[in-house]
Every structure is written in structure tokens, then in C-alpha cells.
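Tertiary structure, described
Now for the letters of each chain:
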Amino acid sequence: MSARLPRFLRPLGRPPPSCRARSGAGGAEEEPLGRGQDARARGSCGPGSRGPPARASVVREVIQNSKEVLSLLQGKNPAFKPVLAVIQTGDDNLMQEVNQNLAEEAGLNITHICLPPDSSEDEIIDEILKINEDPRVHGLALQISEKSFSSKVLNALKPEKDVDGVTSVNLGKLVCGNAQECFVSPVARAVIELLEKSGINLSGKKVLIAGAHGSLEAALQCLFQKKGSMTMSCQWKTPELQSKLHEADIVIFGSPRPEEIPPSWIQPGTTVLNCSHDFLSGKLERGGPGGHVSGLAVDNDVSLLAAALRIQNVVSSGRTWLRERQHTPWRLHCLKLQPLSPVPSDLEISRAQTPKAVDVLAKEIGLLADEIEIYGQSKAKVRLSLLERLKDQADGKYVLVAGITPTPLGEGKSTVTVGLVQALTAHLGVNSFACLRQPSQGPTFGVKGGAAGGGYAQVIPMEEFNLHLTGDIHAITAANNLLAAAIDTRILHENTQTDKALYNRLVPLVNGVRAFSKIQLARLKKLGIPKTDPGTLTEEEMKRFARLDIDPATITWQRVLDTNDRFLRKITVGQGKTEKSFSRQAQFDIAVASEIMAVLALTHSLADMKERLGRMVVASGKDGQPVTADDLGVTGALTVLMKDAIKPNLMQTLEGTPVFVHAGPFANIAHGNSSVLADKIALKLVGQEGFVVTEAGFGADIGMEKFFNIKCRASGLVPSVVVLVATVRALKMHGGGPSVTAGVPLKKEYTEENIQLVADGCCNLQKQIEIAQLFGVPVVVAVNVFKTDTRAEIDVVCEFAKRAGAFDAVPCHHWSVGGRGCVDLARAVREAGNQKSRFQFLYDVQLPIVEKIRTIAQSVYGAKDIELSPEAQAKIDRYTQQGFGNLPICMAKTHLSLSHEPDKKGVPRGFILPISDVRASIGAGFIYPLVGTMSTMPGLPTRPCFYDIDLDTETEQVKGLF
């Protein structure tokens with residue numbers, strides 16, 4: 001311990017000689033207290049006493065203890081340093097010095113917020129609320145006038161930061177005997193400590209607390225009673241004050257003694273402690289003028305020890321803060337299901353269940369209050385700071401749900417995903433998280449419907465899941481279209497201005513000063529122009545800087561809209577008079593097909609997202625070089641629009657288990673998986689023995705292959721298990737059954753038992769199992785059971801799957817009964833997850849683009865070879881020349897067949913896979929070849945889903961949504 005603390009205490013403590021009072025009314029100084037007193041007083045002060053004990057040993061002991069505890073905490077968390085914030089009204093340099101020196105000695109940081117003396121209650125509360133939400137502050141003390149200590153002000157403090165123990169929550173816990181779970185008033189604790197250190201046995205003593213009120217009075221009474229003392233309490237103007245003073249063995253002054261109260265009212269030998277230094281008001285009181293105080297009077301000692309104990313409370317708060325930031329066991333309260341038969345509509349089921357408040361769910365799974373941003377009652381965004389907090393926590397097991405080649409109706413991957421996590425957590429007690437894609441509004445109002453699962457295995461509230469959610473897709477739409485506008489605007493201005501005029505407008509004179517923006521400096525660096533002063537560029541340098549010379553024929557960036565609209569598949573832009581005939585043919589894509597969506601799904605931080613957005617290639621210049629969002633100067637603006645969308649959205653299943661809904665890249669042309677960030681956060685939250693179950697788009701040949709080769713490369717995560725979803729319906733189709741069309745009733749082959757059709761179609765299941773085995777991941781087949789399936793048909797599928805190499809095959813009834821119907825699948829997944837992973841990628845990214853395409857076509861689809869169109873070959877050559885040849889491949893093909901022809905079911909063989917075009921998503925980080933003709937803007941059917949969707953204008957409830 002350094003010598004700093006004792007030197008600091010000497011000028012602040014009272015003089016060691018007997019505890020004196022100030023002169024009385026007649027001006028004569030009173031006899032030193034303690035003289036001629038009995039043994040009780042001699043134990044405190046007087047001849048042979050040890051003097052005020054807090055001055056050195058007690059305060060030193062508290063500070064030293066705090067310092068040692070903090071040192072231990074910093075041993076595991078080197079950057080950790082607790083902060084005490086003090087809000088004070090008026091100037092009190094003495095208390096600032098006390099707080100600052102004690103905090104410095106213990107190793108804390110301290111910040112004083114000084115408000116004017118006449119600050120209103122609301123102004124003080126505003127400051128309190130700011131500090132409440134500041135995660136850097138671990139303790140908050142109020143040093144304000146007595147009149148400002150209203151209940152409203154005190155209870156504005158967060159109890160966990162209330163290191164003075166003044167809130168109703170902390171006082172209530174103290175009174176109820178839960179002192180270990182709360183902060184106790186440091187002043188009250190100091191009084192008890194000083195009395196006990198002075199050798200006074202408090203048991204059986206009569207204690208009078210005079211002039212105290214509020215939290216201090218309550219804390220003193222409670223602490224004395226716990227020591228066996230009999231307590232009395234009164235204010236100075238109480239008529240019975242004199243008689244109570246005569247009765248008391250110990251008197252505690254809670255506020256300055258009024259002059260009209262004579263010292264003679266206090267009996268000789270009474271022990272007196274003055275804690276009227278109200279830290280919070282900042283006044284050092286010494287009993288009032290003209291008073292006579294008998295016994296032990298150590299007002300500064302109470303003040304100093306209380307200040308030290310407050311420091312101790314701050315360290316304790318910091319320790320709790322650190323402990324909360326470690327991974328903690330879940331305290332999840334699952335919701336009960338009462339399945340009905342027949343199974344109602346998805347919307348009716350969703351409405352029948354009352355979801356937990358999302359902040360309650362967040363707390364149950366170990367999220368902290370400052371890590372969520374609540375959107376209404378049932379959804380919230382989770383901040384990425386959680387990844388830093390839990391960076392040392394081991395990940396859980398990573399499960400991918402994929403499927404066989406589906407019918408146009410879909411085979412229930414989302415439903416299986418939800419049913420599986422409901423089974424794991426609500427029925428087997430295993431931490432689990434579902435990570436799902438956010439559905440596009442286009443299919444929701446078109447033909448497909450929602451993507452929240454279905455029946456008794458879905459995410460709730462399903463209408464919020466399917467409509468808007470927290471606006472992520474809208475943010476993507478805004479960012480995408482801002483970039484599209486920037487492209488055409490830049491072409492227009494370059495075509496209509498001289499080099500000098502263009503440069504002057506790009507780097508304008510503002511208030512007599514011309515300066516490059518940060519992103520313009522980055523462009524100069526990219527061009528190899530080592531200058532920062534706009535006035536020093538040569539004419540040639542100005543031209544290179546200002547002109548992108550975009551070749552309109554090479555523009556690949558399209559506008560987007562989150563609505564199915566076939567008439568926007570081809571449009572002409574630039575037909576207005578102000579565009580001066582610079583028109584060109586363009587198109588709209590569905591919003592989820594935007595590269596910004598793929599960027600969102602693959603990024604791992606805000607900085608990474610900004611970098612990816614900046615390197616998105618939107619066209620080529622006339623010199624053949626790529627033109628990026630950075631070149632257009634729009635990257636910062638795109639990042640601003642996307643700053644909230646990057647945070648995963650927290651929701652829950654019907655059984656109250658957690659779900660992340662985040663990102664939804666178009667599965668045909670992008671990788672069709674939810675976000676890397678959602679998976680990473682979920683893997684930390686579930687803990688080492690938990691499971692994160694995420695879903696891939698479409699069949700294993702598309703969604704799963706892209707998940708492994710693209711998403712796993714971006715995330716660095718290693719999958720543990722593949723759950724392959726199969727249905728009797730889809731297998732019958734692959735076995736030669738009639739075509740299945742959305743909106744058209746199923747033929748009898750699908751509603752009646754037909755074991756031969758099922759057996760014939762199992763070839764597709766076998767092929768999908770083989771695809772998963774290429775990556776070295778164990779496969780569990782989940783047979784999603786429909787009410788028309790027979791036991792014999794289900795048995796055929798399960799037996800075949802096991803013979804084909806699946807780790808296990810399990811029938812699932814989650815749609816009709818919830819997680820209980822998926823328990824067997826959950827057990828199989830848990831067992832498979834214990835196997836050692838042998839995961840491997842399908843190809844080396846350093847291979848030429850053509851070879852990577854050929855590997856996927858032959859190994860995954862079963863093609864004999866590939867055939868490149870001249871346009872595709874030209875694009876491959878261009879991307880290779882531009883330095884993008886080492887990116888993974890994201891095949892864009894139909895999901896309805898292993899081949900490029902949707903009507904080829906089962907396992908097509910010997911076909912040549914045609915590559916009609918090749919495009920690049922450089923920001924997302926992949927090349928995507930187009931197999932045949934791929935539409936990136938769906939159209940509406942004759943009778944879209946919106947015919948059935950309505951709003952009850954009285955209850956504001958959505959109707960007809962599935």
C-alpha cells in the first residue's frame with residue numbers, strides 16, 4: 001500500500017485529541033468529551049482510547065481490500081477498470097477530492113457530473129438516465145441538495161448501479177434480509193463499522209437515530225436491529241426528543257443538530273456518532289454551533305469510511321458486471337402447447353399462444369439489457385457487442401437443415417427447424433437456437449406464403465415475422481436503390497460536363513476551403529495519386545480522379561423492390577427531358593436478390609460490412625477495369641442505411657425457445673442462408689453443449705452446397721450435423737408421380753398409399769445423402785409426416801435412408817403436436833453431433849473458375865460436363881483478369897431438379913449443364929454462373945395470396961395470412 005492514503009487522511013480527519021465540540025452559547029469551550037465517563041465511553045474515546053479508528057486502519061483496510069479484489073478481476077480481464085459516476089449540484093471541491101483520491105488509491109476511474117445548484121428534479125433525472133444506460137459506468141452516487149432527494153429522483157437510479165443503497169429495490173432487499181443481493185448505504189455501514197471497531201457491543205443497546213430520514217434512517221434501523229440493538233428514531237422537533245436522548249446508549253446524528261437542542265440533553269457516557277456529513281449534499285457538519293456533544297464524535301471518520309465503502313461497492317458492482325458478461329446457464333421458461341385436432345390454420349395457432357415479452361426471453365438466455373434493442377413486445381435486435389463479451393466462450397454444435405429436391409409446395413425445412421429446437425429445448429432441456437431467413441414480402445403476398453414454419457412448429461407472432469419485421473429488407477432496398485441512382489447520375493454528369501467543371505463540382509469550395517472527403521482520399525490512393533490537397537492535382541490527375549467512364553453495357557447493378565412485379569423485369573430508364581436522352585434498358589430484381597442482402601448474410605462485423613459494400617462491383621469502365629461503390633463515393637451512406645439491419649432479430653417459437661431471424665438472400669442466385677452473425681451469436685449463447693440449428697434454401701444440391709462452400713468459408717464455422725428433410729409426397733413425385741402444382745389439389749397418388757412410388761423416388765434421397773457425405777458431415781434424415789402418409793410408406797423411407805448411409809432416419813410429427821413430435825429427431829441429432837466432424841470443402845478456391853463450376857456440376861448435380869456460352873466465357877475471362885478468379889462459386893439454377901431442367905425428377909444422368917452467363921458479387925465474395933434462364937423478379941399468379949389477407953379495423957388484427 002502506498003503512503004498516499006495516510007497523507008491524504010491527515011488533513012481531512014479530526015485532530016486526534018479527545019472529540020471536542022464547538023463553543024456553547026456563552027462562548028466558552030466545553031470540556032473535552034469522554035472525560036469522567038464510564039467504561040462504555042472509554043471504549044470509544046477518552047483516556048486510554050485508540051482514537052478515531054477510521055482515520056488510518058479501517059479506511060486503509062477497506063481500500064486495500066477493494067484494490068486486491070480489483071487486481072484479481074483485472075488478472076482475467078486486463079482492460080477492466082470500474083467507473084464511479086458522481087452527479088453533484090453545486091461546487092464541493094472537498095468531496096470531489098475525497099472521491100478522487102480514494103478511487104485512485106483503489107484503482108478505479110471516477111467522473112463527476114457537475115450541475116448548477118438550482119437544477120430541477122427533471123434535469124437531475126435526465127443525467128441519471130444517461131448514466132444508467134452507459135455500460136462503462138458501474139456505480140452512480142448522488143451528491144445533491146437534501147431537497148432534491150425525492151423518491152422520483154432516487155428510484156430513477158438502476159438498482160445495480162445504486163452504490164449508495166438509496167433505491168427502494170435495494171432498501172427492500174436489505175429489510176427482507178437479502179443484504180448479500182443488494183447495496184447497503186455506505187454511511188449506515190460506516191456507523192456500524194466504527195462502533196464495532198471501537199469495541200462497543202451493540203447487542204441489547206438502545207440506539208436513537210436523531211434527525212435522519214429516508215434511506216439513511218431505514219438502513220441504520222435495519223442494520224442496528226440485525227445486531228440486536230433496540231432502535232428509536234425521531235426528528236429534531238419531536239416533543240419526546242429529550243426523554244429519548246436520556247434513554248439512549250448510543251445516539252446517531254443523521255443531520256446537523258439544531259442550536260436550540262442543548263447538549264445537556266445527552267446523558268454523560270452516551271456514545272454519539274455524527275454522520276451528518278451528508279455526502280450527497282457535500283457539507284461537513286460538526287454538530288452545529290453552540291452544542292455540547294458527549295461520547296464518541298467522529299463525523300469525518302464516518303464520512304471517510306463511507307466514501308471508502310462506496311468505492312468497495314463500486315468494485316462489487318464491477319465484479320457482478322463482469323460475472324454477468326460471462327456465459328451463464330439459461331433460465332428458460334418454455335411455453336406449453338395444447339394441440340388441437342384437426343390442426344387449425346397457422347395464424348390461428350400463432351394467435352392462440354401468448355409469447356413472452358422479448359426482454360424476458362433475452363434475459364432468460366443470458367442477454368444483457370444493454371445488448372438488445374426492443375421493437376414492440378415480441379421482437380428485438382441484438383447488438384454485436386455480445387460477440388466481444390463472449391469471445392472466450394466455446395461454441396455450441398452447428399446443425400444445418402437441408403432437404404431433398406422439393407415439390408413446388410416445399411417440404412417443410414423451416415417447420416422441421418423450428419420443431420427440432422422446440423424438441424431440444426422444451427422437451428430435452430438442451431440449449432438450442434433456431435436461425436432462420438427473413439422472408440421476402442414478394443412470395444408472402446404472391447403464391448408461396450410465409451416462412452415462419454407451420455402448424456405447431458412455427459415462429460410467433462407469425463404475422464410480424466412475415467410482414468416488415470424490423471425493416472431490414474426495407475433498409476436493403478433503400479441502400480440498393482441509392483447505389484443504382486448514383487450510377488446513372490454519374491454517367492449523366494460525366495457526359496455533360498468538362499473535366500474541370502466535373503472536378504470542381506466533385507471537390508467544391510466550401511467556406512473558402514476545398515478538401516477531399518475521406519472516401520475521395522481512398523480513391524486517390526487506389527489511383528496511385530499521393531496527394532491530399534485538391535489544388536495540387538495536375539489536369540491529367542483531375543481527369544483520372546473525376547471520370548469513371550462507366551460503360552453502360554456492362555452495368556450489372558439493378559434496382560430492387562420487395563414485391564413480385566413481372567412488368568419490372570425489363571424497363572427503360574432515362575426517358576425524362578432532364579436526362580437528355582441518356583436512356584438505357586434496365587430492370588428491377590426482387591429486393592432479396594440484391595447483393596447487399598448477400599453482403600449482410602456473410603459479413604462478420606460492421607467494419608467488414610462497410611468494406612464489403614465498398615468493393616461491390618457495379619459495372620466496368622471503358623478501360624475494362626471494375627467500378628465499385630467506393631469509386632462512386634457512396635459506401636459510407638450505404639453503411640449508414642444498413643447500420644441497424646446488421647443486428648440479428650430475436651423472436652421465439654410457439655414453445656418459447658429463442659430464434660434469430662436475419663437476412664434472406666435469394667436462394668436461386670445467392671447462397672440462400674441466414675446470416676453468419678446470427679449463427680455466431682447463437683453459438684456463443686447456447687454454450688458448448690448446446691445446438692444452433694440453421695436452414696439452407698431449397699434442396700441439398702443448392703442450399704447445402706452453398707452453405708458449406710460459401711458460408712462456412714466466410715464464417716470459419718464447422719458444421720456438426722446435416723438434417724435432411726424428406727417427404728413421402730416429394731419422393732412419390734421423384735418416383736414418377738404426376739406433376740405437383742401450387743394451388744392445384746394433389747392427385748390421388750399423393751393422398752393414397754403407394755409404396756412402389758415411394759421406393760422408386762428414394763433415389764433422389766440417396767443422391768442428396770451422398771452430396772452431404774462429400775463434405776464429411778453425418779446425415780440424419782427427418783421424414784416430415786403428412787396426415788395422408790401411411791406407416792408403411794414412412795418405414796420404407798427410413799429404412800432406405802439408413803441403407804444409403806444416413807446416421808439415422810426419424811419420422812417427425814412436429815406440425816401436428818409441436819416439439820413433442822420431434823423428440824426422436826432431437827435425440828438422433830444430439831447423438832450424431834457427438835461424432836467427430838470430418839468436414840471438408842468440395843474444392844480449392846484457387847482452382848480456375850471453370851474448374852470449380854465443373855466440380856460442382858459433376859460431383860453434386862451428376863452432370864457429365866458443362867457447356868459455356870460465349871458470353872459466359874467472356875465474363876469468366878474478364879473476372880479472372882480483374883483478379884476475382886479465386887472466389888467461391890454460387891450456382892444459380894432451378895431448385896426443382898438436380899439438373900437444369902425443372903421437369904427432370906429423380907436423379908438425372910448424363911446431361912450437359914449449360915452455363916448461359918456468369919456474374920460476380922464481389923462484395924459478398926462469390927461468382928455466380930447462371931444455369932439456363934433465371935428470373936430474379938418473380939411474378940404474381942392469377943390468384944395471389946393477397947386475396948385472402950385483410951385487416952380487422954376494430955381489433956387491428958391481420959386476417960387470412962396462411
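For the structure, check the block above.
These notes cover the structure that comes with them. (Residues numbered from 1 in each chain as written. Predicted model: local features only at pLDDT ≥ 70, side-chain atom pairs only at ≥ 80, totals over all residues. Heavy atoms only, no water.)

Let us look at the sheet that holds strand β5 (residues 230-234). Either a parallel or an antiparallel arrangement is found when strands of a sheet pair, and the pairing is made through backbone hydrogen bonds. Read from one edge of the open sheet, four strands run β5-β4-β6-β7, paired in parallel fashion. Where the open sheet ends on each side, the last strands, each with one partner, are β5 and β7 (271-274). The average angle at which neighbouring strand axes cross in this sheet is 20°, direction not considered. Two strands pair when backbone bridges link them, and strand β6 (residues 250-253) and β7 are joined in this way by four bridges, in the parallel orientation. Opposite Ile252, over in β7, you have Leu273 as the bridge partner. Of the strands in this sheet, β4 (206-210), β5 and β6 are in contact with helix α9 (residues 214-226), which crosses β5 at around 165°. (Pairing = 2+ DSSP bridges. Helix = DSSP H or I, 4+ residues; strand = E, 2+ residues; numbered from the N terminus. Axes fitted to C-alpha atoms, helices over the stretch in contact; angles between N-to-C directions. Contact = heavy atoms within 4.5 Å.)

Packing of helix α22 (residues 595-602) against helix α23 (residues 606-614) leaves a shortest axis separation of 10 Å and a crossing angle of 150°. On the basis of the axis angle, α22 is roughly antiparallel to α23. Between α22 and α23 lies a crossing whose hand is right-handed. Along its contact with α22, which presents Ile596, Val599, Leu600 and Leu602, the element α23 presents Asp608, Met609, Arg612 and Leu613. Taken together, the residues that form the contact of α22 with α23 break down as six nonpolar, no polar and two charged. (Parallel < 35°, antiparallel > 145°, perpendicular 65-115°, else oblique. Left-handed = near helix turned anticlockwise from the far one by under 90°. Nonpolar A, V, L, I, M, F, W, Y, C, P; charged D, E, K, R; others polar.)

Moving on, we get to the sheet that holds strand β30 (residues 926-931). Here we have three strands laid out as an open sheet, ordered β28-β29-β30, and mixed in their pairing. For this open sheet the edge positions go to β28 (865-868) and β30, each flanked by a neighbour on one side alone. Taking the axes of each pair of neighbouring strands and ignoring which way they run, one obtains an average angle of 50° across the sheet. Packed on one face of the sheet, helix α34 (residues 849-861) meets β28, β29 (912-921) and β30 and runs near 135° to β28.

Taken N-terminus to C-terminus, the directions of helix α15 (residues 413-427) and helix α33 (residues 823-833) make an angle of 80°; their axes are 8 Å apart at the nearest point. On the basis of the axis angle, α15 is roughly perpendicular to α33. Together, Val416, Leu420, Ala423, Leu424 and His427 of α15 and Val823, Leu825, Ala826 and Val829 of α33 make up the contact between the two elements. For the contact of α15 with α33, a count of residues per class yields eight nonpolar, one polar and no charged.

Outside of glycine, negative phi angles account for most residues, and trans bonds account for most peptide bonds. At the junction of Ser341 and Pro342, the peptide bond is cis and its omega measures out at 0° in the coordinates. Inspection of the secondary structure assignment puts Pro342 in the loop between α11 (299-324) and α12 (346-352). With an omega of -10°, the peptide bond between Ile460 and Pro461 qualifies as cis. Here Pro461 shows up in the loop between β13 (457-460) and α17 (462-466). Residues other than glycine seldom take positive phi values, yet Asn511 does so here, at roughly 55°. Tracing the backbone shows Asn511 in the loop between β14 (509-510) and β15 (513-514). For Asn511, a relative accessible area of 77% puts it in the exposed group. (Buried < 20%, exposed > 50% of the residue type's maximum accessible area, 1.4 Å probe, protein only.)

Remember that the coordinates give geometry; whether it matters functionally is a separate question.
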